[in-house]
Amino acid sequence: MNKITILTRSKEPFIREVPVGMSYLNYVSTFTTASEANTNIRKALDLIETPYMAIVDSDDDIPGFFPEPQKGIIYGDNRVRQNGIIEIRKNPEFTTDEFYKNPFMFHKAIVNVAELKVVMDAIGPQLPHNFYSFHYYFVAITMGAYYDPMFQPIWEKKPGSLWSKLDHGIWTGLKVIKAQQGDYLKKIARYKKEIGYVNET
């Protein structure tokens, strides 16, 4: 059984080649806000059959190397491409303090599907500023995060794109997440208990 699904979201059906041993899902949808993007991600999760997934936008290259999935989050260094120039943004080992300094560290990461579904269902697909890496953050807290510097996904960052617009406003949402982190974690733990959830990945 394959372990990782490459998830691409697009307005029209979009077919692409993925590395051997990986699955591919094209979720046809439209979104103009981060809120809509989060809702679409949650719907797509129900269609994924592998234990892990990675979001790769239709205009992003698929990384040539994917690490063996482990823990809740697997991430590396982001290769950000703007105007044809690639900048490697190094990420640190995960701690809560490091995430608050760099909330983009999990952008393009590989995530445990079952855990992400539970997190999104427990605290809702919409969080302050509606940035899905906030959900990844709670997966990292509950299941751990593994940093592999050999994993370097490419982020095609176009001027005026949705995520470019989020760059400056994300810090406001981050303050809310930090202030309410304890409440969010209680909701996750309570929801897991209610549904008898055990992650067997």
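Residues numbered from 1 in each chain as written. Predicted model: local features only at pLDDT ≥ 70, side-chain atom pairs only at ≥ 80, totals over all residues. Heavy atoms only, no water.

Asks: Just to check I follow, could you spell out the sheet that holds strand E9 (residues 154-156) for this structure?
Replies: Paired through their backbone hydrogen bonds, the strands of a sheet run either parallel or antiparallel. As summarised here, the arrangement of the three strands in space is E6-E5-E9, forming an open sheet in which the pairing is mixed. The outermost strands of the open sheet, each flanked by one partner alone, are strand E6 (85-89) and E9. Neighbour-to-neighbour, the strand axes of this sheet turn through a mean angle of 25°, independent of strand direction. Where strand E5 (residues 78-82) lies against E9, three bridges are found, and the strand directions are parallel. Bridging across to E9, Val80 finds its partner in Trp155. (Pairing = 2+ DSSP bridges. Helix = DSSP H or I, 4+ residues; strand = E, 2+ residues; numbered from the N terminus. Axes fitted to C-alpha atoms, helices over the stretch in contact; angles between N-to-C directions.)

Asks: Hey, could you run me through the packing of helix H3 (residues 113-123) against helix H4 (residues 133-143) in this one?
Replies: The interhelical angle for the contact between H3 and H4, taken along N-to-C directions, is 115°, at an axis separation of 9 Å. The element H3 and its partner H4 pack so that their crossing is right-handed. Contact residues: Glu115, Leu116, Val119, Met120 and Ile123 in H3; His135, Tyr136, Phe138, Val139, Thr142 and Met143 in H4. Residue classes in the contact of H3 with H4 are distributed as eight nonpolar, two polar and one charged. (Left-handed = near helix turned anticlockwise from the far one by under 90°. Contact = heavy atoms within 4.5 Å. Nonpolar A, V, L, I, M, F, W, Y, C, P; charged D, E, K, R; others polar.)

Asks: For this particular structure, what's the right way to read H3?
Replies: An α-helix turns once per 3.6 residues; consequently, residues spaced three or four apart project the same way. The element H3 is extensively covered by neighbouring structure, given that eight of its eleven residues are classed as buried. Backbone nitrogen of Ala114 and a side-chain oxygen of the N-cap are separated by 3.3 Å at the start of H3; the cap is Asn112. Backbone geometry just after H3 places Gly124 at a positive phi near 90°. (Buried < 20%, exposed > 50% of the residue type's maximum accessible area, 1.4 Å probe, protein only. Polar contact = N/O pair within 3.5 Å; in protein donor to acceptor, adjacent residues only side chain to side chain.)

Asks: Is there a simple way to explain the sheet that holds strand E3 (residues 52-55) in this structure?
Replies: With mixed pairing, six strands are arranged side by side in an open sheet as E2-E1-E3-E7-E4-E8. Looking at strand neighbours, the two that pair on one side only are strand E2 (23-28) and strand E8 (145-147), the edges of this open sheet. The sheet shows a mean angle of 25° between the axes of neighbouring strands, direction not considered. Sheet topology places strand E4 (residues 73-75) next to strand E7 (residues 110-112); two bridges connect them, and they run antiparallel. Note that in E7 the partner of Ile74 across the bridge is Ile110. Contacting E3 and E7, H3 runs over the sheet at an angle of about 70° to E7.

Asks: Explanation requested: the environment of Tyr132 in the structure shown.
Replies: Along the chain, the position of Tyr132 falls in the loop between H3 and H4. The spacing of Tyr132 and Ile88 is 44 residues in sequence and 21 Å in space, taken between C-alpha atoms. Within the local environment of Tyr132, its side chain forms a polar contact with the side chain of His107, the two groups lying 3.3 Å apart.

Asks: Please explain unusual backbone geometry as it appears in this structure.
Replies: When glycine is set aside, most residues are seen to have a negative phi, and most peptide bonds are trans. A positive phi angle is found at Lys71, which is not glycine, with a value near 60°. On the secondary structure map, Lys71 appears in the loop between E3 and E4.

Asks: Sorry if this is basic, but what is going on with the pattern of salt bridges here?
Replies: As a working rule, side chains carrying opposite charge can pair if their charged atoms are close by. This model, assessed by the stated rule, comprises twelve salt bridges. A salt bridge links Asp121 to Arg42; its shortest N-O distance comes to 2.8 Å. Remark: Arg42 occurs in helix H1 (residues 34-45) and Asp121 occurs in helix H3; sequence separation between them is 79 residues. On the basis of relative accessibility, which here comes to 14%, the residue Arg42 falls in the buried class. Residue Glu87 is joined to Arg89 by a salt bridge in which the shortest nitrogen-to-oxygen separation is 3.7 Å. Judged by relative accessible area, Glu87 falls into the partly exposed class, the value being 42%. For Arg89, a relative accessible area of 28% gives the class partly exposed. Salt bridges here are not isolated pairs; linked through shared partners, they connect Arg9, Asp57, Asp60 and Lys108. (Salt bridge = Lys/Arg side-chain N within 4 Å of Asp/Glu carboxyl O.)

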